[in-house]
Amino acid sequence: MNLYQEEEISVLEIVFGESAAMGLSFSFAKGRENDVLCFSSPFSMGEIDEDDIGEKRRETLHCIFRGDDEKKAEDLFEKDKENLSVLIRRAKNAEPIRVWSGKTPDEVCGAYFIIEQLSRIGAGKPDVVLVKLSDFYERADGTAVRYIGFGEVEPELFGEFAKKGRKLPYNIIIHMAEHWRALRKENASLRAVINGNLMSVSENIYDKYILGEIALQPSEFCEASVIGSVISKYQFGIGDDFIAHRIEKFIGDGILKITGNNGGNGRVYNRILRKCT
């Protein structure tokens, strides 16, 4: 289903992550390519006690991509900052906005961040629709599928999910904005969704699972194999960037050491690691 075949009004789409943006764009009718804004920064990670996308967000991105692709970190920062400026300008012109939020911590945090930004514009301007992933999606053949994030959703299904979007009353917008401001005040280095609630958590909350997968590896192993195992087995909704960030901590703590690079291209995920204990 083409998402816009039946829509006559221009809707500004907000998504989190390049995969979701690509899937949504494929569902567009021609001429609507400029109606999607993608925010790629992992809002679940790093300090957030600033009014918008500022220097602390830049520092978080450079920390994530340190030793891997610092140009990508800067590009993501500049693009997200530019997209936020476009969002606020178009929202002030009362363009309707649709925010797509999956179940991953980054998408949920991103949605709260965006809603908090929009709450400053005032009541009734603009209309905001929130599209959330259901627990399961039933395909035409009766197969039940569980999606964690919109980056996993097939392009042809975005139209179906769009029908389930909910226009947010202004009191809900204020509630979400206040919740994000409370998280900003706590300013933890990590946020997670626990029993459906977005909250600040310790950065080591997933360590036992990552270390558990490392324990199953041979004495020398590829970092990417651990990252892939954690993502597929536990489905926490955390990204490969965060797992790599924690593995970097284990290297610094002397639990692991780097012995080589499997791909020869300098990418962090291709590193060969050896257990030290």
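Since this is a predicted model, take the numbers as computed values, not measurements.

Trainee: I would appreciate a short explanation of the packing of helix H3 (residues 70-92) against helix H4 (residues 105-119) in the present structure.
Mentor: Working note: a packed helix pair is described by the angle between its axes plus the distance between those axes. With their axes 10 Å apart at the nearest point, H3 and H4 run at an angle of 45° to one another. In terms of their interaxial angle, H3 and H4 are classed as oblique. When you trace H3 past H4, the crossing you get is right-handed. Contact with H3, carried on its side by Leu84, Leu87, Ile88 and Ala91, involves Phe113, Ile114, Gln117 and Leu118 of H4 and no other residues of that element.

Trainee: Help me understand unusual backbone geometry in this model?
Mentor: If a residue is not glycine, its phi is most likely negative; likewise, a peptide bond is most likely trans. Positive phi outside glycine occurs at Asn187, with the angle close to 55°. Here the phi dihedral of Asn195 falls at roughly 50°; this positive angle occurs in a residue that is not glycine. The residue Asn195 is located in the loop between strand S8 (190-194) and strand S9 (197-201) in this model.

Trainee: Even after reading the chapter, I still don't get the sheet that holds strand S10 (residues 220-222), so can you show me in this structure?
Mentor: The strands making up a sheet are joined through hydrogen bonds of the backbone, oriented either antiparallel or parallel. Judged by pairing direction, the sheet is antiparallel, and its 3 strands sit side by side in the order S10-S12-S11 without closing on themselves. Of all strands in the sheet, those with a lone pairing partner are S10 and strand S11 (256-261), marking the two edges. Neighbour-to-neighbour, the strand axes of this sheet turn through a mean angle of 35°, independent of strand direction. Across 5 bridges, S11 lies against strand S12 (residues 271-275) in antiparallel orientation. The residue bridging Lys257 from the neighbouring strand is Arg274, located in S12. Seen against the sheet, helix H8 (residues 223-234) touches S10 and S12 and runs at an angle of roughly 65° to S10.

Trainee: How should helix H2 (residues 55-64) be read in this particular structure?
Mentor: Helical geometry: 3.6 residues make up each α-helical turn, so side chains three or four residues apart lie on a common side. For H2, the set of buried residues is Arg57, Arg58, Thr60, Leu61 and Ile64. The buried residues of H2 occupy an angular sector of 160° when the element is viewed end-on, so they sit on one face. For H2, the secondary structure elements touched by its buried residues are H3 and helix H9 (240-252).

Trainee: I would appreciate a short explanation of the pattern of salt bridges in the present structure.
Mentor: Where charged atoms from two side chains of opposite charge come close, those side chains can pair. Scanning the entire structure with this criterion turns up 24 salt bridges. Here Asp51 makes a salt bridge to Arg184, at a shortest N to O gap of 3.0 Å. With a gap of 133 residues between them, Asp51 in the loop between strand S2 (36-39) and H2 and Arg184 in helix H6 (residues 170-186) connect regions that are remote in the sequence. Overall, the relative accessible area of 47% leaves Asp51 in the partly exposed class.

Conventions and cut-offs
Residues numbered from 1 in each chain as written. Predicted model: local features only at pLDDT ≥ 70, side-chain atom pairs only at ≥ 80, totals over all residues. Heavy atoms only, no water. Axes fitted to C-alpha atoms, helices over the stretch in contact; angles between N-to-C directions. Helix = DSSP H or I, 4+ residues; strand = E, 2+ residues; numbered from the N terminus. Parallel < 35°, antiparallel > 145°, perpendicular 65-115°, else oblique. Left-handed = near helix turned anticlockwise from the far one by under 90°. Contact = heavy atoms within 4.5 Å. Pairing = 2+ DSSP bridges. Buried < 20%, exposed > 50% of the residue type's maximum accessible area, 1.4 Å probe, protein only. Arc of directions from axis to C-beta. Salt bridge = Lys/Arg side-chain N within 4 Å of Asp/Glu carboxyl O.

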